[in-house]
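Analysis of the macromolecular model
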Amino acid sequence: MVLAPPADALVHALKYEGWKELAPEMGRAMARALAPLRSGEDDVFLVPVPTTMQRRRSRGYNQARLLAEVLGRELSLPVVDALRRTRGGATQVALHPSQRLTNVRGAFATRDGLSARLKGAHVVLVDDVLTTGATAGAAASALAREGVCRVTLVTYARALPLLKAAGASHP
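Residues numbered from 1 in each chain as written. Predicted model: local features only at pLDDT ≥ 70, side-chain atom pairs only at ≥ 80, totals over all residues. Heavy atoms only, no water.

Some details on the packing of aromatic side chains
- Inspection of the entire model under this criterion finds zero aromatic pairs.
- The aromatic ring of Phe45 is capped on one face by Arg117, whose charged end is 5.0 Å from the ring centroid. (Phe/Tyr/Trp six-rings, centres within 6.5 Å; stacked < 30°, edge-to-face > 60°. Lys NZ or Arg CZ within 6 Å of the ring centre and 35° of its normal.)

Observations concerning the pairing of strand 4 (residues 122–130)
- The buried count for strand 4 comes to eight of nine residues, which makes it a mostly enclosed element.
- The sheet contact formed by strand 1 (residues 44–48) and strand 4 spans five bridges and is parallel. Looking at the pairing, Val47 lines up with Leu125 of strand 4.
- In this structure, strand 4 lies alongside strand 5 (residues 150–158), joined through eight bridges in parallel fashion. For Val124, the partnering residue across the bridge sits in strand 5 and is Thr152.
- In this view, the connection linking strand 4 to its parallel neighbour strand 5 by way of helix 7 (residues 134–145) has right-handed handedness. (Buried < 20%, exposed > 50% of the residue type's maximum accessible area, 1.4 Å probe, protein only. Helix = DSSP H or I, 4+ residues; strand = E, 2+ residues; numbered from the N terminus. Pairing = 2+ DSSP bridges. Right-handed = clockwise from strand over helix to strand, strands pointing away.)

Section: the confidence of the model for the protein chain
- In the predicted model, the protein chain carries a mean pLDDT of 83, and the fraction of residues at 70 or more is 80%.
- Low pLDDT (under 50) marks residues 163–171, which in the prediction has seven contacts with non-local residues, meaning those over four places away or in another chain. (pLDDT = per-residue confidence, 0-100. Contact = heavy atoms within 4.5 Å.)

A word on the side chain of Arg59
- Topologically, Arg59 is positioned in helix 3 (residues 53–59).
- When neighbours within four sequence positions are excluded, Arg59 is seen to be in contact with Lys15, Tyr16 and Thr51.

Side note on the nonpolar core
- Leu71 and Val126 are the most contacted members of the largest nonpolar core, which has 26 residues in total.
- Secondary-structure elements contributing two or more residues to this core are helix 1 (7–16), helix 2 (23–34), strand 1, helix 4 (63–75), strand 4 and strand 5.
- Ignoring anything within four residues of it in the chain, the contact list for Leu71 reads Gly27, Met30, Ala31, Leu34, Leu46, Ser76, Val126 and Val154.
- Counting 19 residues, the second-largest nonpolar core is a separate cluster that includes Ala82, Ala121, Leu125 and Val148. (Core = buried A, V, L, I, M, F, W, Y, C linked by side-chain atoms within 4.5 Å.)

Considerations on helix 7
- In this model helix 7 runs 17 Å from its N-terminal to its C-terminal C-alpha over twelve residues, within 8% of the 16 Å that 1.5 Å per residue would give.
- The set of residues buried in helix 7 consists of Ala134, Thr135, Ala136, Ala138, Ala139, Ala142 and Leu143. (Expected span 1.5 Å × (residues − 1).)

Looking at the pairing of strand 1
- Counting buried residues along strand 1, five of its five residues qualify, which places the element largely inside the surrounding structure.
- A two-sided burial pattern is seen for strand 1, the buried positions comprising Val44, Leu46 and Pro48 on one face and Phe45 and Val47 on the other.

Focus on the environment of Ala35
- Position of Ala35 relative to the elements: it lies in the loop between helix 2 and strand 1.
- On the accessibility criterion, Ala35 (38% relative accessible area) is partly exposed.

Side note on unusual backbone geometry
- Even without being glycine, Ser76 reaches a positive phi, approximately 55°.
- Position of Ser76 among the secondary structure elements: in the loop between helix 4 and strand 2 (83–85).
- Classification of Ser76 as exposed rests on a relative accessible area of 59%.

Considerations on the pattern of salt bridges
- Inspection of every chain in the model, using the stated rule, returns four salt bridges.
- Of the charged contacts, one joins Lys15 and Asp128 as a salt bridge, the two residues approaching to 3.4 Å between their closest N and O atoms. Taken together, the residues span a long stretch of sequence, with Lys15 in helix 1 and Asp128 in strand 4 at a distance of 113 residues. No difference in accessibility class separates Lys15 from Asp128, as the two residues are buried.
- When the shortest N-O distance is used, the salt bridge between Asp81 and Arg65 registers 3.0 Å. Here Asp81 is found in the loop between helix 4 and strand 2, whereas its partner Arg65 is found in helix 4, with 16 residues between them in sequence.
- Here the salt bridges do not stand alone but share partners, grouping Arg65, Glu69 and Asp81 into one network. (Salt bridge = Lys/Arg side-chain N within 4 Å of Asp/Glu carboxyl O.)

Written out as structure tokens, the structure is:
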């Protein structure tokens, strides 16, 4: 889904306005898109992208974790908090794409004691929105260092870059 009305309002409300009640419907929509991926694989689990401790405290939840919980119930997949933030970082909202890469480089590591579980696994990385892919790339790199064989990203929405050509519009 493109981050356009009403998806943009839903993501914003979940992420910034405390409307965690939106997570079930958003997660079910994500599960419908992800269902074909599930067939035939045994070693698949969901990993929410962790937020900073400061944002977790101020929101009272991690929106990616809420979405992963819904996906887990809908698809009968385990949710594993395999990643941790190694450091905070400025909010990505106002950053240029190159600044986003720098902001999240090295920001994730795997949690202690999960190396054996991650090795050879298929991890479905869960987040609310994909913008530049910087966060997903940094998280996937941390998982790959532990031997994950495949990382699939699922998000509720995709923010498309602004098109500079006159009269251009998003599909």
